[in-house]
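Chain by chain, the residues:
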Amino acid sequence: MESFIRGSCETMCPKSEIEMRTRERMLHFYELKPGSRTEPIERLVVKEFARSAAGVKRPKHWEIRTVKALIRTVEYLLTEILKDDRRPYAFRYEFIFDRLRAVRQEVVMQNLAAEETLDIVEPIVCFLAYSAYHLCESHISEFDPKICTSHLQECLKKVLRCYDDLDEETKSYDLNRRIRMEALYLSFNLGSSEALSRGINLPKEVRKNLNPHITLNIEYLRHNFHRVLQTLQQLSPLEAALAALRLPEIRRQLLLRFSSAFQSKVLTVPLEWIGHVLLYQRPEQPALIEDCQHYNLQVESDDKSTEAPSPKTKDAWWDDDEGDSTASSELSGWSVKFEKVRFDSSKPTVQPRRVEFVDRKLSAVPSISDMLLTGKC
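All chains use their own residue numbering, which begins from 1 and follows the written sequence. It should be noted that, the model being predicted, local features are given only for residues of pLDDT at least 70 and side-chain atom pairs only at 80 or more, the latter also being counted only at that level, while totals for whole chains, interfaces and linings use all residues. Side-chain measures were taken over the full set of non-hydrogen atoms in the model, leaving aside hydrogen atoms and water.

J.: What is the right way to look at the packing of aromatic side chains in this model?
T.: For any pair of aromatic rings, the description consists of the separation of the ring centres together with the inter-plane angle of the planes. Note on aromatic pairs: the rings of Phe, Tyr and Trp (six-membered ring only in Trp) are paired at centre separations within 6.5 Å, and the planes decide the class, stacked below 30 degrees, edge-to-face beyond 60, tilted for the rest. Within the structure shown, the criterion is met by 16 aromatic pairs. With a centroid separation of 5.6 Å and an interplanar angle of 35 degrees, the aromatic rings of Y93 and F97 are classed as tilted. Of this pair, Y93 and F97 are both found in helix 3 (residues 89-110), four residues apart, which corresponds to roughly one turn of the helix. Note on classification: 1.4 Å probe, protein chains only; a residue is buried when its accessible area is under 20% of the maximum for its type, exposed when over 50%, partly exposed between these limits. Y93 gets classed as buried once you look at its relative accessible area, which sits at 6%. Using a relative accessible area of 13% as the deciding quantity, one classes F97 as buried. Each ring, one from Y93 and one from F127, has its centre 5.8 Å from the other, and the planes form 25 degrees; the classification is stacked. A residue pair is termed long-range when its members are at least 10 positions apart, and Y93 in helix 3 and F127 in helix 4 (residues 114-134) qualify at 34 residues. Looking at F127, the relative accessible area reads 0%, which means it is buried. Connected via pairs of aromatic rings, a cluster forms that spans F29, Y30, F91 and F95. In this arrangement the basic side chain of R87 is found over the ring face of F29, its NZ or CZ atom lying 4.0 Å from the centre. The helix and strand labels rest on DSSP assignments: H or I over at least four residues marks a helix, E over at least two residues marks a strand, and numbering proceeds from the N terminus. Two conditions define a charge located above a ring, namely a distance within 6 Å from the ring centre to NZ of Lys or CZ of Arg, and an angle within 35 degrees of the ring normal.

J.: Honestly, the confidence of the model for the protein in this entry has me stumped. Any pointers?
T.: Interpreting fine coordinate detail is not advised for predicted regions of low pLDDT. Of all residues in the protein, 91% attain a pLDDT of 70 or more, and the chain-wide mean is 90. When the criterion is pLDDT under 50, residues 305-328 qualifies, and its contacts beyond four places in sequence or with other chains add up to 29 contacts. Per-residue confidence from the prediction method is given by pLDDT, with values spanning 0 to 100. Any two residues having at least one pair of non-hydrogen atoms within 4.5 Å are treated as being in contact.

J.: What exactly am I supposed to notice about the sheet that holds strand 3 (residues 334-337) here?
T.: Backbone-to-backbone hydrogen bonds pair the strands of a sheet. The strands run either parallel or antiparallel. One bridge is not enough; two strands pair if DSSP finds at least two bridges between them. The antiparallel open sheet is built from three strands, whose spatial order is 1-3-2. In this open sheet, the two edge strands, each paired with only one partner strand, are strand 1 (269-270) and strand 2 (298-301). Judged from the four bridges that link them, strand 2 and strand 3 form a sheet pairing that is antiparallel. When the bridges of strand 3 are listed, Q298 appears paired with K337.

J.: Where do I start with the environment of R104 in this structure?
T.: Secondary-structure assignment places R104 in helix 3. Classification of R104 by relative accessible area gives buried; the value is 13%. Sequence-distant contacts of R104, defined by excluding residues within four places in its chain, comprise I124, H151, E154 and C155.

J.: So what exactly am I meant to see when it comes to helix 3 here?
T.: What sets the pattern is the α-helix's 3.6 residues per turn: residues three or four places apart point alike. In this analysis, the expected span of each helix is defined as 1.5 Å times one less than the number of residues it contains. The end-to-end C-alpha separation of helix 3 is 31 Å, in line with the 32 Å expected for 22 residues at 1.5 Å each. Within helix 3, 16 of the 22 residues are buried, which leaves it mostly tucked inside the rest of the structure. The positive-phi residue at the C-terminal boundary of helix 3 is N111, with phi of around 50 degrees.

J.: Can you walk me through the packing of helix 4 against helix 6 (residues 175-188) in this structure?
T.: Axes are the key here: two packed helices are described by the angle between their axes and the distance separating the axes. Axis definition: a line fitted to C-alpha atoms, over the contacting stretch in the case of helices. Angles run 0 to 180 degrees between N-to-C directions. Where helix 4 contacts helix 6, the axes come no closer than 11 Å and their chain directions differ by 40 degrees. Looking at the two axes, helix 4 sits oblique to helix 6. Classified by chirality, the crossing of helix 6 by helix 4 is left-handed. Between helix 4, through L118, D119, E122, V125 and C126, and helix 6, the contact on the second element is made entirely by R177, M181 and L184. When residue character is reported, Ala, Val, Leu, Ile, Met, Phe, Trp, Tyr, Cys and Pro are called nonpolar, Asp, Glu, Lys and Arg charged, and the others, Gly included, polar. The residue makeup of the contact of helix 4 with helix 6, split by class, is five nonpolar, no polar and three charged. Every angle not falling under 35 degrees, over 145, or within 65 to 115 is termed oblique; those three ranges are roughly parallel, roughly antiparallel and roughly perpendicular. A clockwise turn of the near helix away from the far one marks a right-handed crossing, whereas an anticlockwise turn of less than a right angle marks a left-handed crossing.

This is the structure we're talking about:
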């Protein structure tokens, strides 16, 4: 039977690693004294991630952090480092990601109980979820979305397994915390039959609080993408941020269907209407033309039209619930000619972008750090 080690280190980094990394000049910007390239602030040095390898000796208990030290490390990273704007967010993310990976490694090495694991891993889930959206437009040299989302999925499943274990052991836990994690899982795995099956089979007291998320997944699998876009805007900030990563695929599917429904060699469809249906809000409207051209759709300028019809007139194509009469100004006078043979379905889905309604939700959050640590918005 495998034996697990129990850590006894009460600092964020064991003394031996601080000395080694100081000697080898492997300290990070956030661990150094201001103006120095070699002298550390020992209390701010955080243990870095190191891969397990054959031939490497098993770590001693004084090299592994206690549960309290791990929680304190997570709190430090998601408050002090996250808020430190001396460097861009991508730079902060890289540091926090590596140090949190070391935290997760020690959770596994100690085989911590479900309750202890949840206290440590849940904030990590929220950080990865926030970063996956916040950095979605970044270049691959700064941020790798596949690595981030892979680790997010792994952490989410670990958290959900912990709650399943607690159910089997009939142990009590904070129901609201579980609902938040289940909601993030459904939002992140939008369109997954596996995630939907789990949501439907959850205990009743959990499932009844996830109706919007379950409905969202059902409508996605039914290809009712317009309903998906409407429901998506009702989610909490972090849930909406995760679900918004699926927007490019949803828009692609709708454009593909439009290319059949509105197929004509003569008629065109106003681009402002398409933008409204596909949820291209004002800051993102120029990207709609780029996306249409990316999929080889023919975008045309209508010289006869100089102004977009007001959404408030009786001839408007939709009712503008938000009352933004200028929302279609960027797209007025433009239209799309849909011909099925012209839609290039072989083109990859465009890269996710940050969207206005999610940014608005996140900007209304009093403290991003508090949201990540507690899950409360």
